Amino acid sequence: MRYLVYGTGAVGGLVGGRLALAGSPVTFLVRPYALPALRRDGLRLTGGSHPGHLTAPRLTDDLHTLVERSERPDLVILAVKAWACEQAARSLHAAWDDPPPVLCLLNGIGNEATLARHLGPVRVLPAALTTAVLMPEPGLVRVERERGLDLYSGHPLAPRLAAEFTQAGSRVRQHRDADRMKWSKLITNIVANASSAILGWTPGQVFSHPGVYRLELEALRECVRVMAAQGLRPEGLVGVPVRLLAWSLRLPARLSQPLLRRSVASGRGSKRPSLRADIGRGRSEVDWLNGAIVRFGKQLHVPTPANDVLFETMAELVHGRQTQALWQDRPESLLARAQEAGVPGIQGYNPRTSPGSPG
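Residues numbered from 1 in each chain as written. Predicted model: local features only at pLDDT ≥ 70, side-chain atom pairs only at ≥ 80, totals over all residues. Heavy atoms only, no water.

A few points about the pattern of salt bridges
Cut-off, in case you're wondering: By convention in these notes, a salt bridge is any Lys or Arg side-chain nitrogen within 4 Å of a carboxyl oxygen on Asp or Glu. Numbering of helices and strands runs from the N terminus, with a helix taken as a DSSP run of H or I at least four residues long and a strand as a DSSP run of E at least two residues long. In this scheme, a residue with accessible area under 20% of its type's maximum is buried, one over 50% is exposed, and one in between is partly exposed, where area comes from a 1.4 Å probe on protein chains only.
Evaluated as defined, the whole model comprises 18 salt bridges. The shortest N-O distance in the salt bridge between Lys 81 and Glu 285 comes to 4.0 Å. Remark: Glu 285 occurs in the loop between α12 (253–267) and α13 (290–300) and Lys 81 occurs in the loop between β6 (75–78) and α4 (85–95); sequence separation between them is 204 residues. Residue Lys 81 is classed as partly exposed on the basis of its relative accessible area, which comes to 35%.

What follows is the structure, encoded as structure tokens:
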């Protein structure tokens, strides 16, 4: 198949780069600032099971040039941030009278609905990448932890896509329930993400601090409860035992804390939580992560105070209503807000306990 990678960051660079190295025709839609580096140095994939170098990737910084050349891809691989999904959907709808199907690799909840609203449900193929990957500079993709790609099996293109992704070197697992797959991925996305960004801590510090860990624990439990209210159960993803993680949330904090701390430390590699870069940016994926849990919780009458605290605090930092200095290395402030919101497990805890050493 012919592919268009819409968003050539770490995720798009990895998925599209592997397909191109395996011989598939791939065009990369690139931001103008990154175009010179990619033209000069190509696209380099390092780490993981299939490193390689595309010395002359096919590039464009303008979607309409493909239309003018009558180069319609068979599939668009969408790999932008969640806040850019609406604009991407509008652009694809405007570019073609009959837009190609879109593989949605975006994190969070609600992106597939946005695409379906503009392009039609039959053109949307939900997916999730569990491989931890970074792009430290334009054109350089670094795999931190090799896992794979999860794919909704109900779309007509799914069998062919699974075969081509497998041939390109990715482990693929197909799922019959797209919502269950995406919500299971959400569990992994929120782990030590907002709390790390708010406090300026590593995930290891978050999971070593007894009080902040309890806030994390409740946020994860709320996510599972919101899933249950929709009739969804956590399921395993490629390389990620999500069902085991969800089961461990039932344990007392003193038992679950060391288990989850080890899991987080081994799972992320050296990759920093994604929300940290959103401070002061004016937009953030937290709306589609913790914010989605809060919204669905309200609709389904499931209390979500822990996610509400994390979401609202992040929103204040993202939009500049507060400065990071108010929260940096101040778990007592975050826990005081959580206690006031009624998050279980916070009452009676001494928030000035040392955060411990980074994990």
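Remarks on the environment of Arg 147
Note the threshold: Here a polar contact is taken to be a pair of N or O atoms separated by no more than 3.5 Å, where protein atoms must pair a possible hydrogen donor with a possible acceptor and residues adjacent in sequence count only if both atoms sit in side chains.
One can find Arg 147 in the loop between β10 (140–145) and β11 (149–152). On a C-alpha basis, the gap between Arg 147 and Ile 109 in space is 21 Å, while along the polypeptide they are 38 residues apart. Reaching out from Arg 147, the side chain makes a polar contact with the backbone oxygen of Thr 130 at a distance of 2.7 Å.

Quick word on α4
So the rule is basically this: The arc in question is the one traced by the directions running from the helix axis out to the C-beta atoms. Any two residues whose heavy atoms approach within 4.5 Å are treated as being in contact.
Along α4, the residues that are buried comprise Cys 85, Ala 88, Ala 89, Ser 91, Leu 92 and Ala 95. Mapping the buried residues of α4 onto a view down its axis gives an arc of 165°, with all of them on the same face. If you follow the buried residues of α4, they end up packed against β1 (3–6), α3 (63–68), β6, β7 (102–104) and α5 (111–119).

Focus: the nonpolar core
Applied cut-off: Think of a nonpolar core as a cluster: buried Ala, Val, Leu, Ile, Met, Phe, Trp, Tyr and Cys residues, connected wherever their side-chain atoms sit within 4.5 Å.
Counting residues in each nonpolar core, the largest one holds 52 residues, and the members touching the most others are Trp 183, Leu 186, Phe 207, Leu 215 and Met 314. Those residues within four positions of Met 314 in sequence are excluded, and the remaining contacts are Ala 194, Ala 197, Ile 198, Leu 275, Ile 279, Ser 284 and Val 286. Counting 36 residues, the second largest nonpolar core, distinct from the first, contains Ala 34, Leu 75, Leu 129 and Leu 151.

Considering the sheet that holds β7
Stated precisely, the cut-off is as follows: Pairing between two strands requires that DSSP report at least two bridges joining them. Angles here are taken between N-to-C directions and fall from 0 to 180 degrees, while the axes themselves are lines fitted to C-alpha atoms, restricted in helices to the stretch in contact.
Reading across from one edge, β5-β2-β1-β6-β7-β8-β11-β12 is the order of the 8 strands in this open sheet, with mixed pairing throughout. Looking along the sheet, the strands with just one partner apiece sit at the ends: β5 (58–60) and β12 (172–175). Here the average twist between neighbouring strands, direction ignored, is 25°. Taken together, the 4 bridges between β11 and β12 define a ladder with parallel strand orientation.

Quick look at the environment of Asp 97
Mapping Asp 97 onto the fold places it in the loop between α4 and β7. As a C-alpha pair, Asp 97 and Leu 119 span 22 residues in sequence and 10.0 Å in three-dimensional space.

Concerning the packing of aromatic side chains
Note the cut-off: The aromatic pairing rule takes the rings of Phe, Tyr and Trp, using the six-membered ring of Trp, and pairs them if the centres are within 6.5 Å, calling planes under 30 degrees apart stacked, those over 60 edge-to-face and the rest tilted.
Applying the stated rule across the entire model yields 2 aromatic pairs. Both rings, one in Trp 183 and one in Phe 296, keep their centres 5.2 Å apart while their planes meet at 80°; by these two values the pair is edge-to-face. Taken together, the residues Trp 183 in helix α7 (residues 178–190) and Phe 296 in helix α13 connect sequence positions 113 residues apart. A relative accessible area of 2% places Trp 183 in the buried class.

Concerning the packing of α7 against α13
Counted only if it meets this: For this classification, under 35 degrees means roughly parallel, over 145 means roughly antiparallel, 65 to 115 means roughly perpendicular, and everything else is oblique.
At a minimum axis separation of 10 Å, α7 and α13 run at an interaxial angle of 125°. In terms of orientation, α7 and α13 fall into the oblique class. Of α13, the residues touching α7 (which contributes Trp 183, Leu 186 and Ile 190) are Asn 290, Ala 292, Ile 293 and Phe 296.

Focus on the pairing of β1
As a reminder, the rule being used: We call a crossover right-handed when, viewed with both strands directed away from the observer, the connection leading from the first strand over the helix to the second proceeds clockwise.
Residues Tyr 3 and Val 5 line one face of β1 and the alternating positions Leu 4 and Tyr 6 line the opposite face, and both faces are buried. For β1 and strand β2 (residues 26–29), the ladder comprises 4 bridges, and the chain directions are parallel. By the bridge assignment, Tyr 6 is partnered in β2 with Leu 29. Since β1 and β2 lie parallel, the crossover through helix α1 (residues 10–21) that links them has a hand, and here it is right-handed. As paired elements, β1 and β6 share 4 bridges and run parallel to each other. In the sheet register, Tyr 6 faces β6, and the bridge partner there is Leu 78.

Here we look at the packing of α13 against helix α14 (residues 305–318)
For clarity, the threshold we go by: With the far helix as reference, a near helix turned anticlockwise by less than a right angle produces a left-handed crossing, and one turned clockwise produces a right-handed crossing. Residue polarity follows a fixed list, in which Ala, Val, Leu, Ile, Met, Phe, Trp, Tyr, Cys and Pro are nonpolar, Asp, Glu, Lys and Arg are charged, and the others, Gly among them, are polar.
Relative orientation of the contacting elements α13 and α14 amounts to 135°, with a least axis distance of 8 Å. The orientation of α13 relative to α14 falls into the category oblique. Of the two possible hands of crossing, α13 and α14 adopt the one that is left-handed. Together, Asn 290, Gly 291, Ile 293 and Val 294 of α13 and Asn 307, Asp 308, Leu 310 and Phe 311 of α14 make up the contact between the two elements. Of the residues in the contact of α13 with α14, the class split is 4 nonpolar, 3 polar and 1 charged.

Digging into the sheet that holds strand β9 (residues 132–137)
Pairing is mixed across the open sheet formed by 4 strands, whose spatial order is β4-β3-β10-β9. On the outer flanks of this sheet lie β4 (52–54) and β9, each paired with one strand and no other. Adjacent strand axes in the sheet meet at a mean angle of 20° when their direction is disregarded. Pairing analysis gives 4 bridges linking β9 to β10, with the strands arranged antiparallel. Within the sheet, the bridge partner assigned to Glu 137 lies in β10 and is Leu 140. Sheet strands in contact with α1 are β3 (43–46), β4, β9 and β10, and its direction is about 95° off that of β3.

Section: α1
As a reminder, the rule being used: For a helix, the expected span equals 1.5 Å multiplied by the residue count minus one.
In a regular helix each residue adds 1.5 Å, so 12 residues correspond to 16 Å; α1 covers 16 Å between its end C-alpha atoms and thus fits that length. All of the buried residues along α1 are Ala 10, Gly 12, Gly 13, Leu 14, Val 15, Gly 16, Gly 17, Arg 18, Leu 19 and Ala 20. Phi turns positive, to about 110°, at Gly 23, one or two residues after α1.

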